[in-house]
Amino acid sequence: MSADTTDRQPVLDIRGLCVDYGYGDAATHAVIEADLTLHRGEVVGLAGESGSGKSTIAYGATRLLRQPGVVTDGIVRFTPDAGKPDETIDILEASPQQLRAIRWSDIALVFQAAMNSLNPVMSVQAQLIDTLAAHGRGASRRERIDRAGELLELVGISQDRLKSFPHELSGGMKQRVMIALALALEPQVVIMDEPTTALDVVTQRQIMEQIMGLRDRLGFSVLFITHDLSLLLEMADTIAIMYAGRIVETAPARQLFHAPRHPYTAALLDSFPSLHGERTVMTGIPGSPPDMRKPPAGCAFADRCKFALDRCTADQPVLSSPAIKADGRRQVACWLHEENELPEPLAAPEPAVQAAGAAPEGGSK
Amino acid sequence: MTDANPETQAVPVVNRPRGEVVLEAKGLTKHFKVRSKPQRGQRRTRGIVHACEDVNLTLEAGRVTAVVGESGSGKTTVSRMLAQLTKPTSGTITLEGKPAKGYGLRAYRHKVQMVFQDPFASLNPVHSVRYHLARPLKLHKRAGAGKEALAQAVEALLTRVKLAPTNQYIDKLPHELSGGQRQRVAIARALAAGPTVLLADEPISMLDVSIRLGILNLLGELRDNEKLAMLYVTHDIASARYFADTMTVMYAGRVVESGPSLDVTDNPQHPYTRLLLDAAPDPERETPATMQARGSAPSLIDPPSGCRFHPRCPLALPICSEQQPPDISVGEGHVAACWLRHDDYKNTTTTATAGDSPA
């Protein structure tokens, strides 16, 4: 599935997005010049630690930021129809009417805490048909109720749960209801912000399988935000790694896993104990992320980086092609790639693109 | 270890051999009574949550025992009973050969300390690091007389949890520290009582991924250097494999499998352990995992008969729904409570299990 994403058209294209919290001199730069492209039918994973700005990107790009969050710069191009690239709009410039037309019907969100997103005093059915009615779907109440039942079946909950209230459902079921709600209007983009973090591993995998199956059937794109890189590596086509407000590396999932190019990515991969092989001592990453109120001058990762050069603490590296050439879709922001020789952990050879990992999904659209 | 001399604080004297049993729980059972408010036209219903049933567990000096399971499996109830925060319905806890009931609560806590999941909630926001550490030192009479000795003991604790230079942290308030630093303070606070047993309930699940291993490695050093006996409660089987010497897998209040960590994860003998391993994210997997079982954990008010996993088990036999499986030895120190491993049923299942035997 990762092999043919380049042929697809972008559906959501974020360029140079900057988000501040606060104003003027007191502003904290939470997201700095973020570029991210979501193609049709693609699953893009956005990974980073808490406070790295990964959720802020999603809320900034969809204009859902609350005060004192402000989008200070950037373009978010949304192309609603694959055949009509000239209908592209910039979400950041869109009028309230345009926004209202896009929101939920084209771009939907699934939040982390489903228990807080569902209305506790409304039945599942009422919440589903409310959404349908608000966007003018279904000719009658009867039709909307039928559609609500279909939606629940879609996410693997039986129709007789329609009359249930949120407190009568388990955590996994509530999260599924949220996914059903997000898919109610057949959106083209679904943004998922840590949708499975509060769930048990077995439930998490069941929901992930369901999301991926629905993606294959309905063809929507997913922007998947999580701190769990190991989960992303299994399901995402492309992964972007964030650190201290900046995207520091983007690459197809397999390539990122087998050949990380940024020291932070490499260290992050070394923070997940394996389920196989010898037990070896792993170090994690010493230190802690920088205080975003007082960002360091150069690369924000420099003081935790094993390979930091003098230059790293002075100049900010920019996203560019890594030293070891790939198929053009990899980018990394690290000065080490301008040196003659890369440190060994960052110099793994590029894995073959269409290897075993991509094969099972080859049949999907 | 019980010496109140401050010199022994910095580097605790340990003459305990690795592997000596420090804390032992036998037949630990907890039933919580629940009752609902009377509904219109209905009677008040009463029920019992069978949170934890007949759990045996030993904690050994210089070893980490992990308890792994999903939420609701009873793993936290076990750790709370071991800490005497929850009174067991039945079963015995023995600390250093003496029944836990024989100790006063303070004497018991002097030996058994807990590290909690959320360092944002377990530290008091209005008190400094110094206060958090000095108080248990005073209560357990772990520092010598005088302010000077107390300050030294606090600094020694901070050094032990690698918060150095200590003057950078000692007068900070919790909100001035990062999550990892806070958890280190929480660990130092537990160490302040001079315990021989540390019960860590999900100590890393609230922390950022990049600093989790740092905390586990710190706990590992305390295990190795100070021969602490440790309980590591977690839902993350990969971190239990990394950190723990032995592992106990719980499902719906019962232990389903236990043994040396690597034996359990590399050669799981209970279908539930297999399910947990299949469900865990694993980027090294070349083909997507196929989970043999689905569904979610049963209600513990009315738990399934026989093996509690049988309604979800892909390999369940008729006997599984009738009788609780006995503990069956499947390797050195490796025990699984599963009828499929029983001599009488082994042959009926060899064909069924052949397909999903571990690679």
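Predicted model only: the values in this text are computed from it and were never measured. (Residues numbered from 1 in each chain as written. Chains lettered and ligands numbered in written order. Predicted model: local features only at pLDDT ≥ 70, side-chain atom pairs only at ≥ 80, totals over all residues. Heavy atoms only, no water.)

1. Comments concerning the interface of chain B and chain A
And step 1. Every contact between the two is made by 38 residues of chain B and, on the other side, 41 residues of chain A.
And step 2. Taking both sides of the interface into account, the surface hidden between chain B and chain A amounts to around 3500 Å²; carbon and sulfur atoms contribute 55%.
And step 3. The tally of links between chain B and chain A comes to 0 salt bridges.
And step 4. At the boundary of chain B and chain A, one finds 18 residue pairs in polar contact (both at pLDDT 80 or more).
And step 5. Among the elements of the structure, α8 (209-226), α9 (237-243), α10 (261-266) and α11 (271-279) of chain B are those that each provide at least two residues to the side of chain B that touches chain A.
And step 6. At 7 residues, α8(B) tops the list of elements feeding residues into the side of chain B that touches chain A.
And step 7. Looking at the side of chain B that touches chain A residue by residue, the classes come out as 18 nonpolar, 8 polar and 12 charged. (Contact = heavy atoms within 4.5 Å. Buried area = accessible area lost by both parts, 1.4 Å probe. Salt bridge = Lys/Arg side-chain N within 4 Å of Asp/Glu carboxyl O. Polar contact = N/O pair within 3.5 Å; in protein donor to acceptor, adjacent residues only side chain to side chain. Helix = DSSP H or I, 4+ residues; strand = E, 2+ residues; numbered from the N terminus. Nonpolar A, V, L, I, M, F, W, Y, C, P; charged D, E, K, R; others polar.)

2. With respect to the packing of aromatic side chains
And step 1. Under the criterion given, the structure shown has 10 aromatic pairs over all chains.
And step 2. Each ring, one from Tyr272(B) and one from Phe309(B), has its centre 5.3 Å from the other, and the planes form 65 degrees; the classification is edge-to-face. With Tyr272(B) in helix α11 and Phe309(B) in the loop between α11 and β11 (328-331), this residue pair connects regions lying 37 residues apart in the sequence.
And step 3. The exposure class assigned to Tyr272(B) is buried, which follows from its relative accessible area of 0%.
And step 4. For Phe309(B), a relative accessible area of 1% puts it in the buried group.
And step 5. Cluster of aromatic residues (ring-pair linked, three or more members): Tyr243(A), Tyr264(A) and Phe301(A).
And step 6. Taking the ring centre of Trp335(A) as reference, the NZ or CZ of Arg311(A) above it sits at 3.7 Å.
And step 7. It is Lys98(B) that lies over the ring of Tyr103(B); its NZ or CZ is 4.6 Å from the centre. (Phe/Tyr/Trp six-rings, centres within 6.5 Å; stacked < 30°, edge-to-face > 60°. Buried < 20%, exposed > 50% of the residue type's maximum accessible area, 1.4 Å probe, protein only. Lys NZ or Arg CZ within 6 Å of the ring centre and 35° of its normal.)

3. A look at the nonpolar core
And step 1. Leu82(B), Ile187(B), Val197(B) and Leu199(B) are the most contacted members of the largest nonpolar core, which totals 106 residues.
And step 2. No fewer than three residues from each of domain 1 (6-35 + 46-244) and domain 2 (249-284 + 292-341) of chain B sit in this core.
And step 3. Among all residues touching Val197(B), those that are not within four sequence positions of it are Val22(B), Leu23(B), Leu59(B), Leu95(B), Lys111(B), Val112(B), Gln113(B), Leu228(B) and Ala229(B).
And step 4. Counting residues in each nonpolar core, the second largest holds 101 residues, with Leu118(A), Leu185(A), Met235(A) and Ala236(A) among its members. (Core = buried A, V, L, I, M, F, W, Y, C linked by side-chain atoms within 4.5 Å. Domains from an automatic or database assignment.)

4. A closer look at the domain arrangement of chain B
Residues and elements named next belong to chain B.
And step 1. What the domain assignment lists for chain B is domain 1 (6-35 + 46-244) and domain 2 (249-284 + 292-341).
And step 2. Look at where the C-alpha atoms of domain 1 and domain 2 centre, and you get two points 28 Å apart.
And step 3. Contacts between the two partners involve 23 residues from domain 1 and, on the opposite side, 20 residues from domain 2.
And step 4. Here domain 1 packs against domain 2, burying approximately 1700 Å² in sum over the two surfaces, 58% of which is carbon and sulfur.

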